[in-house]
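Architecture and fold: a report
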Amino acid sequence: MSTGEPTDEEVVQTASDAAEGYVFSQYKQSAVRDLDVTVTFEDGVLEVDVYLNAPGGPDDPDPERVADDAALVARDAVDELFGE
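Residues numbered from 1 in each chain as written. Predicted model: local features only at pLDDT ≥ 70, side-chain atom pairs only at ≥ 80, totals over all residues. Heavy atoms only, no water.

Observations regarding the nonpolar core
With 20 residues, the main nonpolar core has Val23, Tyr27, Val48, Val50 and Leu52 as its most contacted residues. Those elements giving two or more residues to this core turn out to be α1 (8-26), β1 (34-42), β2 (45-53) and α2 (63-83). Here this core takes six residues from α2, the largest share from any one element. For valine 48, the residues in contact, after removing those within four places along its chain, are Ala15, Thr38, Val39, Ala71, Ala74 and Arg75. (Core = buried A, V, L, I, M, F, W, Y, C linked by side-chain atoms within 4.5 Å. Buried < 20%, exposed > 50% of the residue type's maximum accessible area, 1.4 Å probe, protein only. Helix = DSSP H or I, 4+ residues; strand = E, 2+ residues; numbered from the N terminus. Contact = heavy atoms within 4.5 Å.)

A look at α1
The end-to-end C-alpha distance of α1, which contains 19 residues, comes to 28 Å, matching closely the 27 Å that a straight helix rising 1.5 Å per residue would cover. Taken as a whole, α1 has its buried residues at Val11, Ala15, Ser16, Ala18, Ala19, Tyr22 and Val23. For α1, the angular spread of buried residues about the axis comes to 160°, placing them on one side. Against the buried residues of α1 lie β1, β2 and α2. (Expected span 1.5 Å × (residues − 1). Arc of directions from axis to C-beta.)

Quick word on unusual backbone geometry
Its identity is not glycine, yet aspartate 43 carries a phi of approximately 55°, on the positive side. Mapping aspartate 43 onto the fold places it in the loop between β1 and β2.

Structural notes on the pairing of β1
Note: β1 against β2, nine bridges, orientation antiparallel. Within the sheet, the bridge partner assigned to aspartate 36 lies in β2 and is tyrosine 51. Between β1 and the antiparallel strand that follows it, β2, lie two residues; aspartate 43 among them carries a positive phi value of about 55°. (Pairing = 2+ DSSP bridges.)

With respect to a negative patch on the surface
A contiguous patch of negative charge, built from Asp8, Asp34, Asp36, Glu42, Asp43, Glu47 and Asp49, is present on the exposed surface. Broken down by secondary-structure element, the contributors of at least two residues to the negative patch are β1 and β2. Among the elements that line the negative patch, the one with the most residues is β1, at three residues. Structurally, glutamate 42 is set in strand β1. (Patch = residues over 30% accessible without salt bridge, like charges linked within 9 Å, V, L, I, M, F, W, Y side chains within 5 Å. Areas by Shrake-Rupley, 256 points an atom, 1.4 Å probe, with all protein chains shown as cover. Salt bridge = Lys/Arg side-chain N within 4 Å of Asp/Glu carboxyl O. Lys, Arg positive; Asp, Glu negative; His and termini not counted. Charge placed at Lys NZ, Arg CZ, Asp CG, Glu CD.)

A look at the side chain of serine 16
Among the secondary structure elements, serine 16 is positioned in helix α1. With residues near it in sequence (within four places) discarded, serine 16 still touches Val37 and Val39.

So this is what it looks like as structure tokens:
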């Protein structure tokens, strides 16, 4: 049972974990050359930036789209965190 709103640290960790989890659901970990997930949560404002360097061949998902979707997944995870 929650005793209040999540801490800023919990929000950042939840968003970061969700974004990374999404990226690695789309690519094998060995295929990802570089991944940087930057999350800030200050004054109730969440910012999520995802940089992804991964293959973008015809049989691979578009890295830019995956990065954008990962940021959205992170925001959704934080929304769920506050909704509980």
